[in-house]
Amino acid sequence: MKKLLLLFSNILFFNLLFGQEHTVRGFIYDLETGEAIPFEQVLLIPTVKEKKILGASTDVNGFFSIPKVDVGDYLLKIEDINYKLYEKEIKVVKSTGITDLRIDLVEPDNVNGIEEVVISAETKEKTTEVLMSQIKLDKKGIERIPSIGAENDVVGAFSVTPGVVTTGDQGGQLYVRGGTPIQNKVLLDGMTIYNPFHSIGFFSIFETELVKNVDIYTGGFDARYGGRISSVMDISYRDGNKKAFGGKISASPFLAKAVIEGPLYRSKNGGGASYMLSGKHSLLPYTSKDLYRGINNGNGLPYEFTDIYGKLTFSSNQGSKTSIYGFHNDDKVTYAGIADLNFKQSGGGLSFLLVPSGSPIFIKGHVNGSYYETNFKEEGLEPRFSSIGGFDMGFDFTYFLKNDGQLDYGINLNGFNTNYITYTEAKTKIQDENFTTEIGAYVNVKKVTTRFVVQPGLRAQYYASLGTISLEPRLGIKYNATDKMRLKLSGGRYTQNFTSASSDRDVVNLFNGFLSSPTNVQQTFITPSGNEKNPKNGLQVAWHAIFGLEYDLSKHLSLNIEGYYKFFPQLSNLNVNKIYEDISEFSEESDVLKKDFLIESGESYGVDLLLKYSKDRLFLWGVYSLGKSTRWDGFGNYFPVFDRRHNINLVGSYLFGKKKTLELNIRWNLGSGLPFTPTTGFYQPDNFANGVSTDYTTTNSPNVALLLGDFNSKRLPYYHRLDITVKKVFKFKNKTELEIIGAITNVYNRKNIFYVNRVTNAVINQFPFLPSLGISFKF
């Protein structure tokens, strides 16, 4: 750790040493709301024509920095269809120093007739960022996806991302390019969210109205992110309105929700404080039995959940700010005669942005803590329990280089306590409680030239409970071959100190608990090549390799193709075969019959294609994914339950009317069948209560036992579903709005399988034809 601290001290020293140059930087805000504007293009145009035009884009916090600015006169220019043209004369009189700016953009009186954008930040980003396996969405992008129950949600946007597989509408989970749900890192303003989705599968814990930006990385992510081996979903909420009180209330048969926000105080120079509070509650227990009688054998939709979120933000006039936030989620579901599940999740913390006066470094930090627990009771089985609670503290530093280059580095410390009780199919109890800490440090460097974007990185992760330091190199490269075509690659090593309290072999995973990586694993693991490996612990490891092509077919039509390979040399999985306790009495028994967890390996590979069209009123999004995932358990290969060979998502959105107040959204999803284990026969079990003297010809057990075929050797039928949403907005004075939303889920009533009782052969399908109507009022 002394070496890590010395490394960061040296980096800070070199930043200050080479930072003796002039920098123009600042924050850009919406004048009406006071909210920072992300991803805005800023041009610094010299009055001397021989000099090069400089520029930068704002980050998610609305911050931009243009380094290495020569002495002279400049015109700072910002063009955006959503705001009036902004121009400001800038005079640089010293070769060193910093010019700090605060820019407030004003909305134009009418933007409906404007279709062309002179300068596009998105176009520039294509040539200055690697953008490998990354999807960037804002609130508008989320609302383009057809809503379920007349409510837009982040989960809808995530499910149409290339490489993402969902297992269903009820209790469904999201799997990303061969990774399981526990291998996906979900962040909200820097805070880890352990369970982001409600049991119904349609709704997440996030509030769409508050979303400022969502970054989804399905692989090859850089060294800023650690602790997960599959994917990252990084969500940023906006701040409350700093200028005026406002909010939104809405209701549908699925849920009711409210958002309120406003200023706490305002200062003349642009600083101030704001608050924001949101809450939503499921109405399904009160509405579904009457409105949706054909679902779940007349029992309606047994889902009940509540989400609460609050945030206070204190801002200076120069952009530095501190936010304090907290949340609580509660979820309950009861499948009559089958299972009961509930989870609770709470947390809070503090985050800050700091722009030190006279220093070219941009600093972000956070301190937060959260707790999650879940209970699961399945009919005829022992109850299961899992909890995790912990803290996280981190600091991130950014130094901007010329030509859109950037140096990022940071350090974070986190600790968590896990506690769980679960059972194998043989009803063998597995229980453990553990506390561990992790320390991570990273360095990223981005170098931009005329043709190349090169971004090497390194992350060092220390796992205290395992006594292990993991060095994780990362690399991203883009080659701008022509004005229209770009080639890219990325990859690296990834580790995580988490495993799941449920098995990856379960067909329907309603119970999803968190465990720290186990140390109680088998002494010997046989690799697919026949070699012996002696694992010391259950730390999960992955290597990513991704190659891609971007091609602009026209100004409004783009194509992105990526081929990926994920190799998992070590995975830990719950041992469903355990029948003995790991004690001296059974010392002669094989480890695979007495250890709580088993080591496995695996690989996932495939191709993702994304075709996107966006112009004025029309938006089209087409995704095709071809993928294959396999696992090796030391004895043979098997297909995990999320191995879907083909997946198609088509999304369309169109705005009608002169004022574009009528919107139609359509989504169609097609997925090839997921694997399952077939039933080959039945028999009556006998417990031989009288030992060898038991007369098996006269004892008749009332129970029926199953004979199963090869694991996951068969496939379910294809899954497909069409969803349609129609929205109408009525705009009134003082910018109040009334929106009516009509939605139909599963338009042609496709019977997609959710659950089959192996004994009775009774079938429960996914959601049928499901109409809904919602209304919202924004003020």
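So, here is what we can say about the structure in this document. (Residues numbered from 1 in each chain as written. Predicted model: local features only at pLDDT ≥ 70, side-chain atom pairs only at ≥ 80, totals over all residues. Heavy atoms only, no water.)

## A short note on the overall build of the chain
Along the backbone of the chain there are five helices and 47 strands. At 27 Å, the chain has a C-alpha radius of gyration in line with the 28 Å of a compact globule built from 779 residues. Expressed as lengths along the three principal axes of its C-alpha atoms, the size of the chain is roughly 105 × 60 × 50 Å. Relative to its full complement of 779 residues, the chain shows a buried share of 54%. Taking the contacts inside the chain whose residues are at least 6 apart along the sequence as the reference set, 64% of them involve residues at least 24 apart. Accessible area of the chain: about 34000 Å², with a carbon and sulfur share of 58%. Each charge class in the chain was averaged separately, 85 positive and 81 negative side chains, and the resulting centres sit 6 Å apart. (Helix = DSSP H or I, 4+ residues; strand = E, 2+ residues; numbered from the N terminus. Rg over C-alpha atoms; globule rule 2.2 N^0.38 Å. Buried < 20%, exposed > 50% of the residue type's maximum accessible area, 1.4 Å probe, protein only. Contact = heavy atoms within 4.5 Å. Areas by Shrake-Rupley, 256 points an atom, 1.4 Å probe, with all protein chains shown as cover. Lys, Arg positive; Asp, Glu negative; His and termini not counted. Charge placed at Lys NZ, Arg CZ, Asp CG, Glu CD.)

## Things to note about the sheet that holds strand 11 (residues 184-188)
Here five strands make up an open sheet; going across it, the order is 8-13-14-11-12 and the pairing mixed. Because the sheet does not close on itself, it has two edges, and the strands there are strand 8 (134-137) and strand 12 (191-192). Where strand 11 and strand 12 come together, two bridges link them in antiparallel fashion. Opposite Leu187, over in strand 12, you have Thr192 as the bridge partner. (Pairing = 2+ DSSP bridges.)

## Focus: the packing of aromatic side chains
Scanning the entire structure with this criterion turns up 29 aromatic pairs. Where Tyr217 meets Tyr225, the ring centres are 5.4 Å apart and the plane angle is 50°; that geometry is what we call tilted. Note on Tyr217: relative accessible area 7%, which makes it buried. Between Tyr237 and Tyr309, the aromatic rings sit 4.9 Å apart at their centres with planes inclined by 90°, giving edge-to-face as the arrangement. (Phe/Tyr/Trp six-rings, centres within 6.5 Å; stacked < 30°, edge-to-face > 60°.)

## A short note on the pattern of salt bridges
A complete count under the given rule lists 39 salt bridges for this structure. Arg102 serves as the salt-bridge partner of Asp104, at 3.5 Å between the closest nitrogen and oxygen. With relative accessibility at 22%, the residue Arg102 sits in the partly exposed group. For Lys488, the salt bridge goes to Glu562, with nearest N and O atoms at 3.4 Å. Here Lys488, found in strand 27 (residues 485-496), pairs with Glu562, found in strand 33 (residues 557-574); they are 74 residues apart in sequence, far enough to count as distant. For the pair shown, Lys488 and Glu562 are each scored as buried. The network of salt bridges with shared partners includes Lys126, Arg177, Lys478, Arg486, Lys488, Glu550, Asp552, Glu562 and Asp608. (Salt bridge = Lys/Arg side-chain N within 4 Å of Asp/Glu carboxyl O.)

## Some points on helix 5 (residues 284-291)
For helix 5, the set of buried residues is Leu284, Thr287 and Ser288. For helix 5, the angular spread of the buried residues around the axis is 100°, confining them to a single face. Facing away from the buried side of helix 5 by more than 90 degrees, the exposed set consists of Tyr286, Lys289 and Asp290. Elements in contact with the buried residues of helix 5: strand 17 (272-282) and strand 18 (303-315). (Arc of directions from axis to C-beta.)

## Side note on the pairing of strand 11
Along any regular strand, the residues point their side chains to alternate faces of the sheet. In terms of residue burial, strand 11 counts as a mostly covered element, since five of its five residues are buried. What you see with strand 11 is no split at all: Asn184, Val186 and Leu188 on one side and Lys185 and Leu187 on the other are buried throughout. For strand 11 and strand 14 (residues 231-237), the ladder comprises five bridges, and the chain directions are parallel. Residue pairing for strand 14: Asn184 is matched across the bridge by Ser231. Taking the residues between adjacent antiparallel strands as the criterion, strand 11 and strand 12 are bridged by two residues, where Asp189 takes a positive phi near 50°.

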